[in-house]
Amino acid sequence: MFEYIKGPLAEVTPTYAVVDTAAGIGYMTLISLNTYEAIMNMKGEVRLLIQEVIREDAWTLYGFAEARERDLFRLLTSVSGVGPGTAMLILSSLPPSELKSVITSGDHTRLKSVKGIGAKTAQRIIVDLKDKIKPQDDALLPQSSLPSRDSAVYEEALAALTALGFQRAQSQKVLKRVFDADPAIRVEAAIKAALGMM
(Lines give C-alpha, C1' and ligand atoms only; values in the text may rest on other atoms or scores of the structure.)
Protein backbone atom coordinates (compact mmCIF):
# COMPACT_ATOMS: atom_id res chain seq x y z
CA MET A 1 0.00 0.00 0.00
CA PHE A 2 1.37 3.41 -1.00
CA GLU A 3 1.52 6.22 1.57
CA TYR A 4 3.08 8.84 -0.67
CA ILE A 5 5.02 9.29 -3.91
CA LYS A 6 7.94 11.70 -4.03
CA GLY A 7 9.89 12.93 -7.02
CA PRO A 8 10.05 15.54 -9.77
CA LEU A 9 6.88 16.32 -11.70
CA ALA A 10 7.03 14.90 -15.23
CA GLU A 11 3.61 16.27 -16.14
CA VAL A 12 0.78 18.06 -14.41
CA THR A 13 -2.74 18.99 -15.55
CA PRO A 14 -5.82 20.09 -13.56
CA THR A 15 -6.92 16.44 -13.32
CA TYR A 16 -3.74 14.37 -12.99
CA ALA A 17 -0.04 14.52 -12.21
CA VAL A 18 2.81 12.23 -13.23
CA VAL A 19 5.61 11.92 -10.67
CA ASP A 20 9.01 10.46 -11.60
CA THR A 21 10.56 8.21 -9.00
CA ALA A 22 14.16 7.22 -8.34
CA ALA A 23 13.43 3.85 -9.93
CA GLY A 24 12.71 5.57 -13.22
CA ILE A 25 8.99 4.86 -13.02
CA GLY A 26 6.43 7.60 -13.57
CA TYR A 27 3.31 7.24 -11.44
CA MET A 28 0.12 8.89 -12.67
CA THR A 29 -2.11 10.10 -9.87
CA LEU A 30 -5.51 11.70 -10.26
CA ILE A 31 -5.67 15.03 -8.44
CA SER A 32 -8.16 17.73 -7.49
CA LEU A 33 -7.94 21.37 -8.48
CA ASN A 34 -6.77 22.19 -4.95
CA THR A 35 -3.78 19.88 -5.29
CA TYR A 36 -3.13 21.12 -8.82
CA GLU A 37 -2.98 24.69 -7.53
CA ALA A 38 -0.62 23.65 -4.73
CA ILE A 39 1.89 21.80 -6.93
CA MET A 40 1.72 23.40 -10.39
CA ASN A 41 4.51 25.90 -9.73
CA MET A 42 6.68 23.67 -7.56
CA LYS A 43 10.28 23.26 -8.59
CA GLY A 44 12.28 20.19 -7.73
CA GLU A 45 10.51 17.36 -5.96
CA VAL A 46 6.86 17.11 -5.03
CA ARG A 47 5.36 14.81 -2.43
CA LEU A 48 1.83 13.55 -3.01
CA LEU A 49 -0.04 11.63 -0.35
CA ILE A 50 -1.67 8.64 -1.99
CA GLN A 51 -4.97 6.83 -1.72
CA GLU A 52 -5.17 3.64 -3.76
CA VAL A 53 -8.49 2.48 -5.18
CA ILE A 54 -8.29 -1.09 -6.46
CA ARG A 55 -11.14 -2.54 -8.45
CA GLU A 56 -11.60 -5.55 -10.67
CA ASP A 57 -10.99 -3.51 -13.82
CA ALA A 58 -8.67 -0.74 -12.59
CA TRP A 59 -5.98 0.22 -10.09
CA THR A 60 -6.09 3.97 -9.59
CA LEU A 61 -3.92 6.27 -7.51
CA TYR A 62 -5.37 9.51 -6.13
CA GLY A 63 -2.83 12.13 -5.05
CA PHE A 64 -3.18 14.93 -2.51
CA ALA A 65 -0.91 17.82 -1.60
CA GLU A 66 -2.08 17.80 2.01
CA ALA A 67 -3.42 15.30 4.55
CA ARG A 68 -6.70 17.09 5.25
CA GLU A 69 -7.78 16.75 1.64
CA ARG A 70 -6.95 13.04 1.59
CA ASP A 71 -8.85 12.64 4.86
CA LEU A 72 -11.89 14.32 3.29
CA PHE A 73 -11.58 12.07 0.23
CA ARG A 74 -11.61 9.01 2.47
CA LEU A 75 -14.62 10.30 4.39
CA LEU A 76 -16.53 11.17 1.22
CA THR A 77 -15.93 7.76 -0.35
CA SER A 78 -17.16 6.09 2.84
CA VAL A 79 -20.62 7.54 2.14
CA SER A 80 -22.96 5.20 0.24
CA GLY A 81 -23.35 6.38 -3.36
CA VAL A 82 -20.22 8.54 -3.41
CA GLY A 83 -17.44 7.02 -5.51
CA PRO A 84 -13.88 8.28 -6.00
CA GLY A 85 -14.80 10.28 -9.11
CA THR A 86 -17.63 12.09 -7.34
CA ALA A 87 -15.42 12.72 -4.31
CA MET A 88 -12.74 14.30 -6.52
CA LEU A 89 -15.36 16.45 -8.24
CA ILE A 90 -16.56 17.68 -4.84
CA LEU A 91 -12.97 18.40 -3.76
CA SER A 92 -12.33 20.25 -7.03
CA SER A 93 -15.46 22.34 -6.53
CA LEU A 94 -14.92 23.20 -2.86
CA PRO A 95 -11.62 23.87 -1.05
CA PRO A 96 -11.18 21.59 2.00
CA SER A 97 -11.88 24.40 4.48
CA GLU A 98 -15.11 25.36 2.69
CA LEU A 99 -16.21 21.74 2.34
CA LYS A 100 -15.74 21.22 6.08
CA SER A 101 -17.85 24.30 6.75
CA VAL A 102 -20.57 23.16 4.30
CA ILE A 103 -20.83 19.75 5.98
CA THR A 104 -20.70 20.93 9.59
CA SER A 105 -23.26 23.68 8.94
CA GLY A 106 -25.56 21.32 7.02
CA ASP A 107 -25.55 23.44 3.85
CA HIS A 108 -27.37 21.04 1.47
CA THR A 109 -27.81 23.74 -1.16
CA ARG A 110 -24.08 24.34 -1.56
CA LEU A 111 -23.38 20.63 -1.87
CA LYS A 112 -26.16 20.21 -4.44
CA SER A 113 -24.48 22.83 -6.63
CA VAL A 114 -21.75 20.26 -7.42
CA LYS A 115 -22.44 18.29 -10.62
CA GLY A 116 -23.84 14.84 -9.91
CA ILE A 117 -24.83 15.60 -6.32
CA GLY A 118 -28.59 15.45 -5.83
CA ALA A 119 -30.62 16.32 -2.75
CA LYS A 120 -30.51 12.79 -1.31
CA THR A 121 -26.77 12.41 -1.77
CA ALA A 122 -26.11 15.85 -0.27
CA GLN A 123 -28.23 14.97 2.76
CA ARG A 124 -26.52 11.60 3.12
CA ILE A 125 -23.06 13.21 3.02
CA ILE A 126 -24.03 15.72 5.71
CA VAL A 127 -25.78 13.16 7.95
CA ASP A 128 -22.93 10.63 7.65
CA LEU A 129 -20.03 13.05 8.03
CA LYS A 130 -21.25 15.91 10.21
CA ASP A 131 -20.08 14.25 13.44
CA LYS A 132 -16.82 13.01 11.88
CA ILE A 133 -15.54 16.43 10.83
CA LYS A 134 -14.09 18.90 13.31
CA PRO A 135 -15.53 22.42 13.21
CA GLN A 136 -13.88 24.91 10.88
CA ASP A 137 -10.49 25.95 12.22
CA ASP A 138 -8.88 27.51 9.18
CA ALA A 139 -10.06 30.54 7.26
CA LEU A 140 -10.40 30.62 3.52
CA LEU A 141 -7.29 32.01 1.90
CA PRO A 142 -7.62 35.01 -0.40
CA GLN A 143 -6.91 34.46 -4.08
CA SER A 144 -3.49 35.48 -5.23
CA SER A 145 -2.95 37.77 -8.16
CA LEU A 146 -3.86 36.32 -11.54
CA PRO A 147 -1.77 36.16 -14.70
CA SER A 148 -2.87 37.50 -18.05
CA ARG A 149 -5.39 35.47 -19.98
CA ASP A 150 -4.11 33.51 -22.94
CA SER A 151 -5.45 30.71 -25.09
CA ALA A 152 -3.42 28.11 -23.20
CA VAL A 153 -5.27 28.91 -19.96
CA TYR A 154 -8.63 28.61 -21.73
CA GLU A 155 -7.66 25.35 -23.45
CA GLU A 156 -6.37 23.82 -20.23
CA ALA A 157 -9.57 24.74 -18.40
CA LEU A 158 -11.65 23.32 -21.26
CA ALA A 159 -9.64 20.08 -21.27
CA ALA A 160 -10.10 19.70 -17.51
CA LEU A 161 -13.88 20.20 -17.71
CA THR A 162 -14.25 17.65 -20.50
CA ALA A 163 -12.05 15.22 -18.53
CA LEU A 164 -14.43 15.67 -15.58
CA GLY A 165 -17.32 14.54 -17.80
CA PHE A 166 -18.86 17.79 -19.02
CA GLN A 167 -19.85 18.19 -22.67
CA ARG A 168 -17.41 20.28 -24.71
CA ALA A 169 -20.07 22.67 -26.05
CA GLN A 170 -21.49 23.31 -22.58
CA SER A 171 -17.98 23.81 -21.17
CA GLN A 172 -17.09 26.31 -23.90
CA LYS A 173 -20.26 28.32 -23.24
CA VAL A 174 -19.65 28.48 -19.49
CA LEU A 175 -15.94 29.27 -19.87
CA LYS A 176 -16.78 32.15 -22.20
CA ARG A 177 -18.87 33.69 -19.40
CA VAL A 178 -16.06 33.07 -16.88
CA PHE A 179 -13.37 34.68 -19.07
CA ASP A 180 -15.64 37.57 -20.08
CA ALA A 181 -16.11 38.35 -16.39
CA ASP A 182 -12.37 38.06 -15.60
CA PRO A 183 -10.01 37.95 -18.60
CA ALA A 184 -6.97 37.52 -16.33
CA ILE A 185 -8.28 34.50 -14.42
CA ARG A 186 -5.98 31.59 -13.58
CA VAL A 187 -6.80 28.14 -14.91
CA GLU A 188 -7.73 26.57 -11.56
CA ALA A 189 -9.93 29.55 -10.64
CA ALA A 190 -11.59 29.38 -14.08
CA ILE A 191 -12.39 25.70 -13.60
CA LYS A 192 -13.81 26.27 -10.13
CA ALA A 193 -15.93 29.14 -11.40
CA ALA A 194 -17.18 27.04 -14.30
CA LEU A 195 -18.04 24.13 -11.99
CA GLY A 196 -20.17 26.50 -9.95
CA MET A 197 -22.07 27.54 -13.08
CA MET A 198 -22.71 24.08 -14.55
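Keep in mind that this is a model prediction, so the values were computed, not measured.

Scanning the model with the defined rule gives five aromatic pairs in all. Residues Tyr62 and Phe73 carry aromatic rings whose centres are separated by 5.0 Å and whose planes lie at 35° to one another, so their mutual orientation is tilted. Separated by 11 residues along the polypeptide, Tyr62 in strand 5 (residues 59-64) and Phe73 in helix 2 (residues 67-77) bring together distant segments of the chain. Grouping residues by exposure puts Tyr62 and Phe73 together as buried. Summarising the aromatic geometry, the rings of Phe64 and Phe73 are spaced 5.2 Å apart at their centres and angled 50° between planes, so their arrangement reads as tilted. The exposure class of Phe73 is buried, given its relative accessible area of 1%. Three or more aromatic residues link up through ring pairs in this structure, and these residues are Phe2, Tyr27 and Trp59. Here the guanidinium or amino end of Arg47 rests over the ring plane of Tyr4, the centre of that ring lying 4.1 Å away. Of note, Lys115 hangs over the ring of Phe166, and the distance from its end group to the ring centre comes to 4.6 Å.

Here we come to the layout of surface pockets. The computed volume of the second largest pocket comes to approximately 210 Å³. Considering the residues around the second largest pocket, the lining is formed by Pro14, Thr15, Leu30, Ile31, Tyr62, Gly85, Met88, Leu89, Ser92, Ala163 and Leu164. Ranked by residue count, the leading element in the lining of the second largest pocket is helix 3 (residues 84-93), at four residues. Looking at side-chain class alone, the lining of the second largest pocket contains eight nonpolar, three polar and no charged residues.

As a further point, take the side chain of Ser93. One can find Ser93 in helix 3. At 2.8 Å, the side chain of Ser93 forms a polar contact with the backbone oxygen of Leu89. In contact with Ser93, other than residues within four places in its own chain, are Arg110, Val114 and Leu195.

Turning our eyes to something else, we now look at helix 2. Because an α-helix packs 3.6 residues into every turn, residues spaced three or four apart end up facing the same way. What helix 2 keeps buried is the set Glu69, Arg70, Leu72, Phe73 and Leu76. The buried side chains of helix 2 occupy one side of the element, clustering within an arc of 160° when seen end-on.

Bridge analysis of strand 1 (residues 4-12) against strand 4 (residues 45-54) gives five bridges, and the strand direction is antiparallel. Looking across to strand 4, one finds that Lys6 is bridged to Arg47. Here strand 1 pairs with strand 2 (residues 16-20) via three bridges, running antiparallel. The residue of strand 2 that forms the bridge with Glu11 is Val18. Connecting strand 1 to the antiparallel partner strand 2 that follows it, the hairpin turn spans three residues.

Under the criterion given, the structure shown has eight salt bridges. With a closest N to O distance of 2.4 Å, Arg68 and Glu66 form a salt bridge. A salt bridge links Asp180 to Lys176; the shortest N-O distance between them is 2.9 Å. Within this pair, Asp180 and its partner Lys176 are both found in helix 8 (residues 168-181), separated by four residues, close to a single helical turn.

Basis of the calculations
- Residues numbered from 1 in each chain as written.
- Predicted model: local features only at pLDDT ≥ 70, side-chain atom pairs only at ≥ 80, totals over all residues.
- Heavy atoms only, no water.
- Phe/Tyr/Trp six-rings, centres within 6.5 Å; stacked < 30°, edge-to-face > 60°.
- Helix = DSSP H or I, 4+ residues; strand = E, 2+ residues; numbered from the N terminus.
- Buried < 20%, exposed > 50% of the residue type's maximum accessible area, 1.4 Å probe, protein only.
- Lys NZ or Arg CZ within 6 Å of the ring centre and 35° of its normal.
- 1 Å grid on protein atoms, 1.4 Å probe; cavity = no way out; pocket = protein on both sides within 12 Å on 5 of 7 lines; lining within 4 Å.
- Points joined across faces, edges and corners; volume = space filled by probe spheres on them.
- Nonpolar A, V, L, I, M, F, W, Y, C, P; charged D, E, K, R; others polar.
- Polar contact = N/O pair within 3.5 Å; in protein donor to acceptor, adjacent residues only side chain to side chain.
- Contact = heavy atoms within 4.5 Å.
- Arc of directions from axis to C-beta.
- Pairing = 2+ DSSP bridges.
- Salt bridge = Lys/Arg side-chain N within 4 Å of Asp/Glu carboxyl O.

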